[in-house]
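Structural characterization, general
Here's the letter readout for the chains.
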Amino acid sequence: MNERTFFPFHGGVHPPEHKNLSSGAPIQRAPLPSRLVVPLLQSIGNRARLLVNVGDKVLKGQCIGVPDGAISVGAHAPTSGVVTAIGPATLAHPSGLTEIAVTIVPDGEDRWIERQAFDWRNANIRAVRDYLRDMGVVGLGGAIFPSHLKITDKGKVHTLIVNGAECEPYITCDDRLMREQAAGILTGAGIVRELMGAERVLIGIEDNKPEAAAAMREAIKTCGFHAEVGVVPTLYPSGAAKQLIKLLTGIEIASGTRSTDHGVQCFNVATLLSIWRAMEFGEPALARAVTLTGHVERPGNYEVLIGTPIDELLPLAGVKPGADGYIYGGPMMGFELPALSVGLSKAGNCVIVRGGDVLPQRPIELPCIRCGNCADACPVELQPMDLYWFARSKRFDKSEDWELFDCIECGACAYVCPSNIRLVDYFRYSKSEIWAEERQNRAAHHARQRHEFRQFREEREKREKAERLAARAAEKHQAAVSSADPADAERAAKIKAAMERAAAKQADAVVEAAAPVAAEAQAALDPEKAERIRAAMEKRAAEKAALEGMSPEEKAAKEAEKQAKIQAAMERAAAKKAEKAAAEAIPEPAPKAEAPALDPEKAERIRVAMQKREEEKARLAAMSPAERAALDAEKAARIAAVKEKAAAMKAAQNENKTE
Amino acid sequence: MKTSPFVAQPMPLQTVMLKVVTALVPGILLAVWAFGIGVLVQIALAVAVALATEAACLKLRGYPVKPFLLDGSAVVTACLLALSIPPLGPWWLAVLGTAVAIGLAKHMYGGLGQNTFNPAMIGFAVLIVSFPAQMSRWAAPLALAQPDLGALAQIAYIFTGHLPLAFDAVASATPLDAVRTGLLQHLTLADIFKAPLFGVAQQWIAAGYLVGGLYLWQQKVIRWRLPLAFLGGLGLTALVFWLVDSEHYASPLFHLFSGGAMLGAFFIITDPVTAPTTPLGQLIFAALAGLLAYLIRTLGGYPDGVAFAVLILNIVGPFIDQYTQPAVFGRKKKGAKA
């Protein structure tokens, strides 16, 4: 059971470990600080929703913020005390941004809320997830990913990987946890194993932690399920989840895909410990193990309450004079703390004091000579020198082609660079530029949509106003007609009929005049086209006539229809143009023009409109002159009927009014 | 600086360049043994001119002079060029060649890391195209010649062009040159190799470069792909010709240890700036360079083909890179992407 075969990943580096500074120091409980600054944002995702007010008394473990949405976890009071302030506080984050945090002044009693074990064996998986979410359990390896989201349904995962690699230099807290609380870690692993129905449990530990591996092996004997310790070579970044999975199982998980798709899930040792504490004792995640090391008198490991200000933590280790920076996390992926007043977050596995010969500033950046050391070191098998080149020349499209977003920012490339180029910075810059561009594109699209809608609305309002005015005018006219004597009405009707006749005649004349002109203008105009034009003109004339007799509602409807038709025609023209262009570009069979250029909805609309028109045309073309005349007569009759109806309605209205 | 990583491995650029120069030492010592002090004079000249040109260019371009001058890249370029020049060539060869290499081939392209072509080889190419007579007049290996030409006499000759009366000919054809000329004249190799002391000195020097190259490989300054593929390309091509007609074409071993083959394999083609960076690309690049070097040195008009082969392949380096991108972690099943 000792030596498993492992599957090395490409690249990797082995920086000086400096772990022996603190690996011998057992984890001690840090004393209660004078205040705790607990941020409501404790995981990736949403911050918790505040539950307390200034002045509230809180107990240890009391929920002070409830999860907000799926990607969010609860926040808890790490000790009993009084809430003295709620407001923005600097985050333990490279940005130095502020976030809402709850400041609690401990009362020194450390009094717990009532705690209750959770019966996870008999609870359904959703309830388990909700429970872990409420208990604020997140990945303590540094990613602070909510753990409840990693508990999959039974049967999806066959292998549970326990991450005890701890590959970053200086950090020893996981090492100490494994040495001191191996049984608890394994119990946690057992819980997760059972919840997910995993068949095997592999514990990955780097070979520079033989004591931890021995302790875990010892604990396996009594843990009640089968587990194996896989000792992997000390090679950064073996503790990155995907690299560890590769090492232990040989499975490579591409960026953007999930390990669970391959039946593997990975949990950090400290996370498993906090899952166990939450399940068995009803304890929320209130504290974590932290390594204090670097340029200090007494490097060591401490169990520290979340929210403990770093400046109250450092005296435990005794900062040596000449400190010139404080690194939060490991030296490969951590960041320099923006302020020492920040409260410890759940990601804070280590604080390294810079100074003396501990992590000296890097010398001046020299040109890249494309030596390729970075490509040799990259655990994701990227070509960092090319990505660097693209970043310098702002060819972000190329960066994406070269899989920039697969970069895990482990820093191995920058570590080996002989020219001291801070490659990871360039990659972060490229990523943020690409993100910014995407945001901008989205914003521009949004603005365009809004602008188009505004134009549409203004147009519509104008039209509606005109229609309202027209309607009012028509009302007046109708009123005048209906109030006049029958003879007058008859005369008016006659006049109207005459006018209509004249209009029809005129329309015919226009058609006759237009046809030769068109024929002259376009010698190639075939009879079919002429016929079509004539038909269209006739239709238009008829429409005009019909319009005159219509009520405002009908008019509006007609108008809308016309608009739609115009639009359809325009679209059709555009499509035709595109088709023509396409046909010109590719002499081969012309592709369906509207398909690629337009979105499917539009294309569908166009198709429908075209079909309708086609049908109408066919119908018209199929008619004999007599039929057409009949149609006209029918139309005229319909118009007359409508008019009568309208007049009757008006009259009735007027009667009502007068009464 | 507030971003990770906060640690850096202790192998800065200067160390890389220093190791390259160190690796040249065995070859240089053997060259001095074979050709005399003239080799060192050429190197000193070239280094001095290189540093001066580099400093001037940096100043003109508004770069901080000191850190860039100290990176050592100019020294490496100068050494490589000086070792390609006839040890008793006139002084202005080294001066002109180095000035061209640093000024034109390096800084006009944007300085260290930006040059498309290997600077030392550009310098060499300019010299051999412009001054073929002076560039191909290699002295007969002095260590093996009788009588010996004194150190002072050598220096005097380099700077003045005058020889003591006792010597009227310091020029001799290099083995490669002799074989190529022999080929043109349809002489057999057996006839050519009748000349005494033929080529031994150059083979020793080549062995010196080989030792230096292995040191660089051991120190992880260079990887195995470029040198091996280059020597493989050259050797295999030579093997084919030799197997077809061993009377006229020299053996692969002769080709590997002649002219600039070893220097090229470990010090020239391994220049990371101008070579492709992908593993497959490096193999293609170097193998083609080896093939081309053989063709030029055997069938072309110049005594050696390494420089031209490298320069020609430099042109396609970025192109090769583009199409040999290796698959990324977890994406291997899709195959290499274009």
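What counts and what doesn't
- Residues numbered from 1 in each chain as written.
- Chains lettered and ligands numbered in written order.
- Predicted model: local features only at pLDDT ≥ 70, side-chain atom pairs only at ≥ 80, totals over all residues.
- Helix = DSSP H or I, 4+ residues; strand = E, 2+ residues; numbered from the N terminus.
- Buried ≥ 20, exposed ≤ 12 C-beta atoms within 10 Å, placed from the backbone.
- Contact = placed C-beta atoms within 7 Å.
- Pairing = 2+ DSSP bridges.
- pLDDT = per-residue confidence, 0-100.
- Nonpolar A, V, L, I, M, F, W, Y, C, P; charged D, E, K, R; others polar.
- Axes fitted to C-alpha atoms, helices over the stretch in contact; angles between N-to-C directions.
- Parallel < 35°, antiparallel > 145°, perpendicular 65-115°, else oblique.
- Left-handed = near helix turned anticlockwise from the far one by under 90°.
- Core = buried A, V, L, I, M, F, W, Y, C linked by C-beta atoms within 7 Å.
- Domains from an automatic or database assignment.

Structural notes on the overall build of chain B
A tally of helices and strands in chain B yields 16 helices and two strands. Taking all 338 residues of chain B together, 53% fall into the buried category. Considering only intrachain contacts with a sequence separation of at least 6, the fraction spanning at least 24 residues in chain B is 75%.

Considering the pairing of strand β13 (residues 287-294) of chain A
All names here are of chain A. In terms of burial, β13 is a largely internal element, eight of the eight residues being buried. Bridging between β13 and strand β14 (residues 300-305) involves six bridges; their strand directions are antiparallel. Paired with Val-290 across the bridge in β14 is Tyr-302. Pairing geometry for β13 and strand β17 (residues 350-355), over four bridges, is parallel. Note on β17: the bridge partner recorded for Leu-292 is Val-351.

Notes on the confidence of the model for chain A
Residues and elements named next belong to chain A. For chain A, mean pLDDT is 85; residues scoring 70 or higher make up 85% of the total. Across residues 516-521, where pLDDT falls below 50, the model places five contacts with residues more than four positions away in sequence or in other chains. This model gives residues 587-596 a pLDDT under 50, and the stretch forms twelve contacts once residues within four places in sequence are excluded.

Some words on the interface of chain A and chain B
You'll often see interface size given as the accessible area lost when the parts meet. Facing the 45 residues of chain A at the interface are 30 residues of chain B. At the level of secondary structure, the elements contributing two or more residues to the side of chain A that touches chain B comprise β16 (335-336), α11 (412-416) and α12 (423-483) of chain A. Per element, the largest residue contribution to the side of chain A that touches chain B is three residues, and it comes from α11 of chain A. In terms of residue class, the side of chain A that touches chain B is built from 27 nonpolar, nine polar and nine charged.

Observations concerning the packing of helix α12 (residues 225-244) of chain B against helix α15 (residues 279-299) of chain B
All names here are of chain B. Close contact between α12 and α15 brings their axes to 7 Å; oriented N to C, the two are set at 40°. In terms of their interaxial angle, α12 and α15 are classed as oblique. Handedness of the crossing formed by α12 with α15: right-handed. For the pair formed by α12 and α15, the contact residues are Arg-225, Leu-226, Ala-229, Phe-230, Leu-231, Gly-232, Gly-233, Leu-234, Thr-237, Ala-238 and Phe-241 on the first element and Pro-279, Gln-282, Leu-283, Ala-286, Ala-287, Leu-288, Ala-289, Gly-290, Leu-291, Ala-293, Tyr-294 and Thr-298 on the second. For the contact of α12 with α15, a count of residues per class yields 16 nonpolar, six polar and one charged.

Concerning the nonpolar core
Grouped together as the largest cluster of nonpolar side chains are 151 residues, with contacts concentrated most on Leu-160, Val-162, Val-192, Met-216, Leu-272 and Leu-423 of chain A. Taken domain by domain, this core gets at least three of its residues from each of domain 1 (19-353) and domain 2 (365-481) of chain A. Setting aside anything within four residues of it in sequence, one finds Met-216 of chain A in contact with Met-178, Ala-182, Ile-203, Ile-205 and Val-229 of chain A. One finds Ala-74, Val-75, Ala-265 and Ala-286 of chain B within the second-largest nonpolar core, a separate group that totals 103 residues.

Regarding the packing of helix α4 (residues 73-82) of chain B against helix α6 (residues 119-130) of chain B
All names here are of chain B. The contact between α4 and α6 brings their axes to 8 Å, and the two run at 35°. Taken as a pair, α4 and α6 cross one another with a handedness that is right-handed. Between α4 and α6, the residues in contact are Thr-77, Leu-80 and Leu-81 and Pro-119, Ala-120, Gly-123 and Phe-124, respectively. Its residues assigned to classes, the contact of α4 with α6 shows five nonpolar, two polar and no charged.

As for the sheet that holds strand β1 (residues 27-29) of chain A
All names here are of chain A. Read across the sheet, six strands follow the order β1-β14-β13-β17-β15-β16 without closing on themselves; strand pairing throughout is mixed. Of all strands in the sheet, those with a lone pairing partner are β1 and β16, marking the two edges. Contacting β1, β13, β14 and β17, helix α2 (residues 173-180) crosses the sheet at an angle of about 125° to β13. Contacting β13, β14, β15 (323-328) and β17, helix α7 (residues 310-317) crosses the sheet at an angle of about 60° to β13.

Let's talk about the sheet that holds strand β11 (residues 227-232) of chain A
Strand pairing within a sheet occurs via backbone hydrogen bonds; the two strands may be parallel or antiparallel. Residue and element names in this part refer to chain A. Taking strand neighbours across the sheet as the criterion, the four strands line up as β11-β10-β9-β12 in an open arrangement whose pairing is parallel. Of all strands in the sheet, those bounded by a partner on one side alone are β11 and β12 (264-268). Ignoring which end each strand starts from, the neighbouring axes of this sheet average 25° apart. Pairing between strand β9 (residues 159-164) and β12: five bridges, direction parallel. When the bridges of β12 are listed, Leu-160 appears paired with Gln-265. Helix-sheet contacts for helix α3 (residues 182-196) involve β9, β10 (200-206), β11 and β12, and the interaxial angle to β9 is about 155°. Strands in contact with helix α6 (residues 269-281) are β9 and β12; relative to β12, the strand with the most contacts, it is inclined by about 85°.

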